[in-house]
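Understanding the architecture of this molecule
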Amino acid sequence: MYSKFNIVALFPKRSSFQKFVVLLWLLLQILFLTGCTRKEIVEDARLEEFTSYLDNRIPKLMKNYNIPGVTIALVKEGKVVWTNAYGFADKEKGRKITVEDHCRVESISKSVTAWGVMKLVEQGKIELDNPLAYYLKSWKLPESKFSEEEITIRQLLNQTSGMPLGTVGVHYSPKEATPSLRKSLSKDAILFQKPGTSFSYSNTGFNLLELLIEEVTGKDFASYMKEEILLPLGMKHSSFTWSEDWEPKVPNGYDSKGNAVPVYVYPDKASGGLFSSVNDIAKFITAGMTKFIDTEKKVLSPQSIQLLYTPSVKVPGLYGMAFPLYGFGHFIEVQSNGTKIISNGGQGSGWMSEFYAMPETGDGIVILSNSQRSWPFFSYILSDWAKWNGISSVGMGKIVWATKGLWIIIGLILVLLMWQLIRLVNGIVFGHRKFKLLSNESLMLRMGKLGLSIALISGFLWVTNQEYFFMFSVFPVSSYWLLWLMLISALILLLSVLFPLSVNNKNIIKQIANDN
């Protein structure tokens, strides 16, 4: 006679499958209830109501994702109507972040650079469909198995040049020597596909535009951009060159593990080197809202701005699910009602940035964060902004649904692991499983479990030793849960190998399960 006092008996007169369904139902109820506790946003609510909502919402999300500092700006009818800052520029010293801080805006730099290129087009100094090589006099593109002579300015702007992504993650202290732009390009600017083939996101392509600007104008890139774009747009807290004299100092960045990252620079500037404030980036997006600005204040003609915002190529793959189209230095999506949304953002070591704008309606939002853990935070705030503006969703809002889906998967895995652990512990406690390290019993099955356990442990160790892992940025909380569930799965598998179920006890276990 076997004792019925075990964990399985918590659900009397049910089969194993029925007990699993009960646990699963309880899990889904918990997920549903936790998803219904947040205050809903009202479409077209007054600005004061929405900003009050954000003042409550943002600190909670920052705490959930361990984000030190955030600055945010809202644009309505082509004007910056609200800015705010939350948290810290330097968590260790307790220094608050402000809306005037020079932040690293990373790939938003590409959008600003595209304005600089279009300025040269308007001045007749370059033509979009001319080859890049036509304008390069002091430097030649490295040879590849494709024709470098086919690369045009248009292809560099719309990311179809065939250039690779380029070197990622290599940066320098502002006070140390850095490689020259030409030296960096000699290493990175090697075609990996025929120019014009398809969209392929490339930092290198925009750094070639930096060289183009210097060759055509005879000026340093940062100086040209300051004179022709930044200052005319009123972006007084923006620069492609770091300055020790800035006050307040540039905030620290914080990587996906929460470690502080001091201010840094890249050897190149056009693809990700801009320092700017949230207010200045908001001014930048308003400059593209041609219906809402005075003609004399325009840096580019409406026709040039329209080219920047015109879909030029489809974005393939998973990235295209969030950002389906690309123009010149801007991602583009078109709503079902025909409303065009332009956006861009970036990620660097310890920094994230994003802007969304609807040029035709004059609405926009800018979010800057000194944390690499900000993807889901951005996604939630952008989804809130979209709902406030009567938009069904924005591309980056899909991360919200991906996060929820991931938590459901985590919940299912957790229920399965709990169930397997209950069965395993019951078997060991009641003697159905015994320690048999060298037993030949169910040898093939045990070897398979051992191999899977070793693979899971190896994967766990590999991920935890990576300096940067993409999933930790996109899903900074749930990915860690998955990681630890991977280790727990490996340990449960290992226990089942060390404590195999005795063949003589299998029928008894089935009988107990049926009785319960």
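Quick note: structure is the one above.
Here we summarise the structure given alongside this text. (Residues numbered from 1 in each chain as written. Predicted model: local features only at pLDDT ≥ 70, side-chain atom pairs only at ≥ 80, totals over all residues. Heavy atoms only, no water.)

This part covers the pairing of strand β11 (residues 340-348). By the criterion of burial, β11 is predominantly enclosed, with eight of the nine residues buried. One ladder, built from four bridges, connects strand β10 (residues 331-334) with β11; its direction is antiparallel. The residue of β11 that forms the bridge with Glu333 is Ile341. Between the end of β10 and the start of β11, which pair antiparallel, lie five residues, with Gly338 showing a positive phi angle near 95 degrees. Hairpin connection from β11 to strand β12 (residues 351-358): two residues lie between these consecutive antiparallel strands, with Gly350 at a positive phi of about 85 degrees. (Buried < 20%, exposed > 50% of the residue type's maximum accessible area, 1.4 Å probe, protein only. Helix = DSSP H or I, 4+ residues; strand = E, 2+ residues; numbered from the N terminus. Pairing = 2+ DSSP bridges.)

This next bit is on the nonpolar core. Grouped together as the largest cluster of nonpolar side chains are 124 residues, with contacts concentrated most on Leu54, Trp115, Ile153, Leu157, Phe377 and Trp385. Residue contributions to this core peak at nine residues, all from helix α11 (residues 375-388). One finds Phe460, Val463, Leu483 and Leu487 within the second-largest nonpolar core, a separate group that totals five residues. (Core = buried A, V, L, I, M, F, W, Y, C linked by side-chain atoms within 4.5 Å.)

The geometry of helix α2 (residues 47-65) relative to α11 is characterised by a closest axis approach of 10 Å and an angle of 165 degrees between their N-to-C directions. For the element pair α2 / α11, the angle class is roughly antiparallel. Handedness of the crossing formed by α2 with α11: right-handed. Listed contacts from α11 to Leu47, Phe50, Tyr53, Leu54, Arg57, Ile58, Leu61, Met62 and Tyr65 of α2 are Pro376, Phe377, Tyr380, Ile381, Asp384, Trp385 and Trp388. Here the contact of α2 with α11 is composed, by residue class, of 14 nonpolar, no polar and two charged. (Axes fitted to C-alpha atoms, helices over the stretch in contact; angles between N-to-C directions. Parallel < 35°, antiparallel > 145°, perpendicular 65-115°, else oblique. Left-handed = near helix turned anticlockwise from the far one by under 90°. Contact = heavy atoms within 4.5 Å. Nonpolar A, V, L, I, M, F, W, Y, C, P; charged D, E, K, R; others polar.)

Right, let's talk about the sheet that holds β12 for a bit. Taken together, nine strands build an open sheet; the order of strands is β3-β2-β1-β13-β12-β11-β10-β9-β8 and the sheet is antiparallel. Two strands lie at the open edges of the sheet, namely β3 (95-96) and β8 (313-314), each paired on one side alone. Bridge count between strand β1 (residues 69-76) and strand β13 (residues 363-369): six bridges; the pairing is antiparallel. Counted as the bridge partner of Leu74 is Ile365 from β13.

With that out of the way, let us pick up helix α15 (residues 478-498). Across its 21 residues, α15 extends 30 Å between first and last C-alpha, which sits within 8% of the 30 Å expected from 1.5 Å per residue. For α15, every residue scored as buried is listed here: Ser478, Ser479, Leu483, Leu485, Leu487, Ser489, Ala490, Ile492, Leu493, Ser496 and Val497. If you follow the buried residues of α15, they end up packed against α12 (398-429), α13 (443-464) and α14 (470-474). (Expected span 1.5 Å × (residues − 1).)

Three or more residues of helix α7 (residues 221-230) are buried, namely Phe221, Ala222, Tyr224, Met225, Ile229 and Leu230. Seen along its axis, α7 keeps its buried residues to an arc of 155 degrees; they face one direction. Where α7 is buried, its residues meet α3 (108-122) and α6 (203-217). (Arc of directions from axis to C-beta.)

Look at α13 against α15: their axes get within 8 Å of each other, and the N-to-C directions meet at 155 degrees. As summarised for this structure, α13 and α15 are arranged roughly antiparallel, according to the angle between their axes. The two elements α13 and α15 cross, and the hand of that crossing is left-handed. Packed against α13, whose contacting residues are Arg446, Lys449, Leu450, Leu452, Ser453, Leu456, Ile457, Gly459, Phe460, Val463 and Thr464, the element α15 presents Leu483, Trp484, Met486, Leu487, Ser489, Ala490, Leu493, Leu494, Ser496 and Val497 at the interface. Class assignment for the residues of the contact of α13 with α15 results in 14 nonpolar, five polar and two charged.

So, about the pattern of salt bridges. Under the defined criterion, the tally for this structure stands at 12 salt bridges. The partner of Asp363 in a salt bridge is Lys76, and the shortest N-O contact between them spans 3.0 Å. Linking Asp363 in strand β13 with Lys76 in strand β1, this pair joins segments that are 287 residues apart in sequence. According to the relative accessible area criterion, Asp363 is buried, its value standing at 9%. Taking the relative accessible area as the measure of exposure, Lys76 reaches 25% and is therefore partly exposed. Glu106 is paired through a salt bridge with Arg104; the nearest N and O atoms lie 2.8 Å apart. Look at Arg104 and you get buried, because its relative accessible area is 1%. Beyond isolated ion pairs, a larger network of salt bridges with shared partners links Arg46, Glu48 and Glu49. (Salt bridge = Lys/Arg side-chain N within 4 Å of Asp/Glu carboxyl O.)

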